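# Summary of the model geometry
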Amino acid sequence: MEFSPDKKYIVDLHILNTHNAKGCEACHQKFNLGDTAVLACGPWPDGRPRLIHESDAVFDPKTGTYFERKYFSGLKSS
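Notes on the structure in this doc start here.

## Here's the deal with the nonpolar core
If you look at the biggest cluster of nonpolar residues, it comprises 17 residues, and the most contacted ones within it are Phe3, Val11, Ile15, Phe31, Val38, Leu51 and Ile52. Among the elements of the structure, helix H1 (13-19), strand E2 (36-41) and strand E3 (50-53) are those that each provide at least two residues to this core. Here this core gets four residues from one element, more than from any other, and that element is E2. Residues within four places of leucine 51 in sequence aside, it is in contact with Phe3, Ile15, His19, Cys24, Glu25, Phe31, Ala37, Val38 and Leu39.

Right, dumping it as structure tokens:
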């Protein structure tokens, strides 16, 4: 499954089985079936977007991209 940075995903068995070992990078909680997740940019060491809970993300309409909430507020203040 290929993820897009401007879409929302409902956590299904495929996402649960492939992304739940580490869980949500933003809140460090495990995903549950039916959760809404998005591919978001954040303060990750490798700079790649990660799958996080939608509630932990902010959509930036200027870039058409989701950002991890705390990371985005840091970007706006600088």
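## Comments concerning the packing of aromatic side chains
A full pass over the atoms with the stated rule returns three aromatic pairs. Note on phenylalanine 67 and tyrosine 71: the rings are 6.4 Å apart at their centroids and 25° apart in plane angle, and the pair reads as stacked. Here phenylalanine 67 falls in the buried class, since its relative accessible area comes to 12%. Ring pairs connect the aromatic residues Phe67, Tyr71 and Phe72, which therefore count as one cluster.

## Overview of unusual backbone geometry
Among all residues except glycine, the phi angle is most often negative; among peptide bonds, the trans geometry is most common. Unusually for a residue other than glycine, histidine 28 sits at a positive phi of about 65°. Looking at the element boundaries, histidine 28 is found in the loop between H1 and E2.

## Section: the pattern of salt bridges
Per the counting criterion, the structure on display carries four salt bridges. For the salt bridge of lysine 8 with glutamate 54, the shortest nitrogen-to-oxygen distance reads 2.8 Å. Pair noted here: lysine 8 is in strand E1 (residues 8-10) and glutamate 54 is in the loop between E3 and strand E4 (57-60), with a separation of 46 residues, a long-range link. Exposure remark for glutamate 54: the relative accessible area of 23% places this residue in the partly exposed category. Taking the shortest distance from any N to any O, the salt bridge between glutamate 25 and arginine 50 comes out at 3.0 Å. Residue glutamate 25 is found in the loop between H1 and E2, and its partner arginine 50 is found in strand E3; the two are separated by 25 residues along the sequence. Residue class for glutamate 25 comes out buried when judged on its relative accessible area of 18%. When salt bridges with common partners are traced through the structure, they connect Lys22, Glu25, Asp46 and Arg50 into a single cluster.

Basis of the calculations
Here the residue index of a chain counts from 1 through its sequence in written order. Predicted model: local features are reported for residues with pLDDT of at least 70 only, side-chain atom pairs are reported and counted for 80 or more only, and whole-chain, interface and lining totals are derived from all residues. Derived side-chain values reflect all non-hydrogen atoms in the structure, with water molecules and hydrogen atoms excluded from consideration. For this analysis, a nonpolar core means a set of buried residues of the types Ala, Val, Leu, Ile, Met, Phe, Trp, Tyr and Cys, connected via side-chain atoms within 4.5 Å. The classification of residues rests on relative accessible area computed with a 1.4 Å probe and restricted to protein chains. Under 20% of the type maximum is buried, over 50% is exposed, and intermediate values are partly exposed. Comment: elements are numbered from the N terminus, with helices defined as DSSP H or I runs of at least four residues and strands as E runs of at least two. Should any heavy atoms of two residues lie within 4.5 Å, those residues are considered in contact. Only Phe, Tyr and Trp rings are paired, with Trp represented by its six-membered ring, and only when their centres lie within 6.5 Å; those with planes under 30 degrees apart are stacked, over 60 edge-to-face, the remainder tilted. Salt bridge criterion: a side-chain nitrogen from Lys or Arg within 4 Å of a carboxyl oxygen from Asp or Glu.

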